Amino acid sequence: SFYYGTFPAGFLWGVGSSAYQTEGAWDKDGKGPSIWDAFTHGKGKVLRNETGDSACDGYYKVKDDIQLLKELKVNHYLLSISWPRIMPTGIKAEQLNEKGIQFYNDTINSLLENNITPIVSLYHWDLPQVLQEKYGGWQNISMINYFNDYANLCFEKFGDRVKHWITFSNPWAVAEKGYETGEHAPGLKLGGCGAYKAAHHIIKTHAKVWHSYNTTWRREQRGMVGISLTSGWGEPVDPHSQTDRDAAERYIQFHLGWFANPIYRGDYPEVMKNYVGRKSAQQGLGTSRLPTFSVQEKIYIKGTSDFLGIGHFTTRYVLQKNFPFLQVSSYHTDPDLAELVDPNWPAPGPEWLYSVPWGFRRLLNFIKTQYGNPLIYVTENGVSETVQCPQLCDECRIQYLKGYINELLKALNDGVNVKGYTAWSLLDKFEWNKGFSERFGLYHIDFKNKNKPRYPKASVDYYKKIISANGFPNPREVENWHRKAMDTCSATHQHLAADSLITHMEMVTEIVLPTVFTLCILISIILLIFYLRNHS
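Note that the structure is a prediction, hence the values are computed from the model and not measured. (Residues numbered from 1 in each chain as written. Predicted model: local features only at pLDDT ≥ 70, side-chain atom pairs only at ≥ 80, totals over all residues. Heavy atoms only, no water.)

(A) Representation of the overall build of the protein. Looking only at helices and strands, the protein features 16 helices and 17 strands. C-alpha extents for the protein along the principal axes are approximately 100 × 60 × 55 Å. For the protein, the residues scored as buried account for 58% of the 536 residues in total. Considering only contacts within the protein whose residues lie at least 6 apart along the sequence, 77% involve residues at least 24 apart. (Helix = DSSP H or I, 4+ residues; strand = E, 2+ residues; numbered from the N terminus. Buried < 20%, exposed > 50% of the residue type's maximum accessible area, 1.4 Å probe, protein only. Contact = heavy atoms within 4.5 Å.)

(B) Structural context of the pairing of strand β9 (residues 315-320). The pairing of strand β7 (residues 233-236) with β9 spans four bridges and is parallel. Bridge pairing links Glu-235 to Tyr-317 in β9. (Pairing = 2+ DSSP bridges.)

(C) Expanded view of the sheet that holds β9. The strand order across the open sheet built from three strands is β7-β9-β10, with neighbouring strands paired in mixed fashion. In this open sheet, the two edge strands, each paired with only one partner strand, are β7 and β10 (337-340). Within this sheet the neighbouring strands show an average axis-to-axis angle of 40 degrees, counted without direction. Where helix α10 (residues 242-265) meets the sheet, its contacts fall on β7, β9 and β10, and the angle it forms with β9 comes to roughly 130 degrees. Seen against the sheet, helix α13 (residues 358-370) touches β7 and β9 and runs at an angle of roughly 100 degrees to β7. (Axes fitted to C-alpha atoms, helices over the stretch in contact; angles between N-to-C directions.)

(D) Structural view of unusual backbone geometry. Between Ala-185 and the following residue, Pro-186, the backbone shows a cis peptide bond with an omega angle of 5 degrees. Take Pro-186: it is sitting in the loop between α8 (171-179) and α9 (194-221). The omega torsion of the bond from Trp-424 to Ser-425 falls at 10 degrees, within 30 degrees of zero and hence cis. Inspection of the secondary structure puts Ser-425 in the loop between β13 (418-424) and β14 (438-439). In this structure, Ala-55 is a non-glycine residue whose phi angle is positive, near 45 degrees.

(E) Spatial organisation of the sheet that holds strand β11 (residues 376-381). Ordered by their spatial adjacency, eight strands build a closed barrel running β2-β3-β4-β5-β6-β8-β11-β13, and the pairing between neighbours is parallel. The average angle at which neighbouring strand axes cross in this sheet is 25 degrees, direction not considered. Relative to strand β5 (residues 164-169), strand β4 (residues 117-121) runs parallel, the two sharing three bridges. Within β5, the residue paired with Ile-119 across the bridge is His-164. Where helix α15 (residues 458-469) meets the sheet, it contacts β2 (12-16) and β13, and its direction lies at approximately 155 degrees from that of β2.

(F) Quick look at empty space enclosed by the protein. Taken as a whole and assessed by the stated rule, the structure comprises three cavities of 30 Å³ or more. In this structure, the largest cavity encloses a volume near 220 Å³. Contributing to the lining of the largest cavity are 20 residues, with Ser-17, Thr-22, Gly-58, Val-62 and Tyr-77 lying nearest its centre. Sorting the residues of the lining of the largest cavity by element identifies α1 (19-22), α3 (62-72), β3 (76-80) and α5 (98-113) as the ones contributing at least two each. A total of four residues in the lining of the largest cavity trace back to one element, the largest contributor, which is α3. When grouped by side-chain class, the residues that make up the lining of the largest cavity number 11 nonpolar, six polar and three charged. Computed from the structure, the second largest cavity encloses a volume of approximately 50 Å³. Looking at the second largest cavity, the residues that line it are Ala-19, Tyr-20, Glu-23, Gly-24, Trp-26, Lys-31, Asp-37, Gly-52, Ser-82, Arg-85 and Asp-126. Taken together, the residues of the lining of the second largest cavity sort by class into three nonpolar, three polar and five charged. (1 Å grid on protein atoms, 1.4 Å probe; cavity = no way out; pocket = protein on both sides within 12 Å on 5 of 7 lines; lining within 4 Å. Points joined across faces, edges and corners; volume = space filled by probe spheres on them. Nonpolar A, V, L, I, M, F, W, Y, C, P; charged D, E, K, R; others polar.)

(G) How the structure looks around the UniProt feature "active site" (unreviewed entry) in the protein. Mapped onto this structure's residue numbering, the UniProt feature "active site" (unreviewed entry) falls at Glu-380. For Glu-380, the position within the fold is in strand β11. Apart from residues lying up to four places away in sequence, Glu-380 is in contact with His-124, Ile-310, Gly-311, His-312, Phe-313, Thr-422 and Trp-424. (UniProt positions renumbered as here; feature names shortened; annotations may be inferred.)

(H) Looking closely at the layout of surface pockets. Quantified by volume, the largest pocket comes out at close to 1,100 Å³. Forming the walls of the largest pocket are 39 residues, and the residues nearest its centre are Trp-172, Glu-176, Lys-177, Arg-316 and Trp-352. Those elements that provide at least two residues to the lining of the largest pocket are α8, α10, β9 and β10. If one sorts the elements of the lining of the largest pocket by residue count, α8 sits on top with four residues. Class assignment for the residues of the lining of the largest pocket results in 16 nonpolar, 13 polar and 10 charged.

(I) A look at α9. A bend of about 50 degrees at Thr-215 is the largest found in α9. Where burial is concerned, most of α9 is hidden: 20 out of the 28 residues are buried. Phi for Arg-222, located one or two positions after α9, is positive at around 55 degrees. (Bend = angle between axes of the 7 residues up to and from the residue.)

(J) Region of interest: the packing of α10 against helix α11 (residues 270-282). At a minimum axis separation of 9 Å, α10 and α11 run at an interaxial angle of 105 degrees. On the basis of the axis angle, α10 is roughly perpendicular to α11. Residue-level contacts link Arg-250, Gln-253, Phe-254 and Trp-258 of α10 to Val-271, Met-272, Tyr-275 and Val-276 of α11. Class assignment of the residues belonging to the contact of α10 with α11 gives a composition of six nonpolar, one polar and one charged. (Parallel < 35°, antiparallel > 145°, perpendicular 65-115°, else oblique.)

(K) Molecular detail of a nonpolar patch on the surface. Together, Phe-517, Leu-519, Ile-521, Leu-522, Ile-523, Ile-525, Ile-526, Leu-527, Ile-529 and Phe-530 line one region of the surface with nonpolar side chains, adding up to about 980 Å² of accessible area. Exposure remark for Leu-522: the relative accessible area of 45% places this residue in the partly exposed category. (Patch = residues over 30% accessible without salt bridge, like charges linked within 9 Å, V, L, I, M, F, W, Y side chains within 5 Å. Areas by Shrake-Rupley, 256 points an atom, 1.4 Å probe, with all protein chains shown as cover. Salt bridge = Lys/Arg side-chain N within 4 Å of Asp/Glu carboxyl O.)

In structure tokens form, the structure reads like this:
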């Protein structure tokens, strides 16, 4: 049932994005190539062979986008820094890019001038390509020191103003999609081992960066360093079945626990160690495919998060499923489970993202119980509509935000220590291997228009009302928000249609006029040749 009430005073409302998905300017002003530049420039990797080369042109539209943030009346903006934009090869000793550093300085200053708090992620997937080519990226332990150098440079250059740092955004996807399935950059299919090895190095890197901040910067800068972990919720198909309950527990531990358990409890989840260890032994391997931490490493890693960032999008029903002994190992068969969805769950956009708000509350309560009720910031929560859905009157996103934010409010009343919420995302943007086919933005972008104008969707008006009221005060008012948001989007839709027509006419003019002009010249030349021949 829907709960009417408000969030505590001082609760932070925000919106987020990431560098590669929005900035564009992939080779401008001294930026080095990232693994995503290399990945998308290879054919067949991304839907319709689209790239983030120009993305939303965010590199050139900082002031415009900050105006959108002011319009939304958010408290904070979650952004990421592109490692190769400030350190082209990823190696501090080789080269720094002052123009890249200046770009982020200007962005941070503009946010603060407009009373918007920057929350900065150091890594949202755009590893410098040089480090991938030279060392194999996150498969190599040398990444720990290179990343630590990069992090310390960011603390040195921006830490006097940035007080909320995220080391890694959704490292699960970096490991699983980058090194297991190869769906994401760098596109490696190292089945059964690659993801575990990448994650192992990422966890150790996170701990090193936290300790660096703690010993060198904390006293002077007084900021916080955390990590942002994305996880769905796993609900047992039959809550009365112990095997289904165990399978649902494994689902969470193989997603969230993989990273959270070492940071909050000092080691990988027991169930991960048991399952991967047993399957490794069945395959005749001398050691587990899941690496181990030494006693010293466990002590070093435990407690290295001042807050936990949580990204959450959807839920699955989970049941036990035994996979027969396979010579080919896989992260996906290790936990012995199957995932199901309820066909009645709304699925407004892509096939993986079902709207199941109650799963959010359960996930947050699991974190409270499992990890000692840590300070939480919700760092990513949102829904995409596919391009076939209505572009501006995004009823599906309004219902999604309303449901998920309401479950967050219930979780707060359960005693979960959540201090802020970040809607994902500010703009429609490049969605990795899906290109521009999925749109997560509160603001629509017309990518066919070379100026890439931004248009508010109905959800902008709705989210703005939630922020102003700090929750859901009463049924009448909340219903009124919905009506007004849909009225607003109708007017904006007419504006978009008119602009699209003008853009189409400009494109036609740009193509047709030169073509007609060229044809006229050719015809004139042919006629002139005929005329001269006849008279000669």
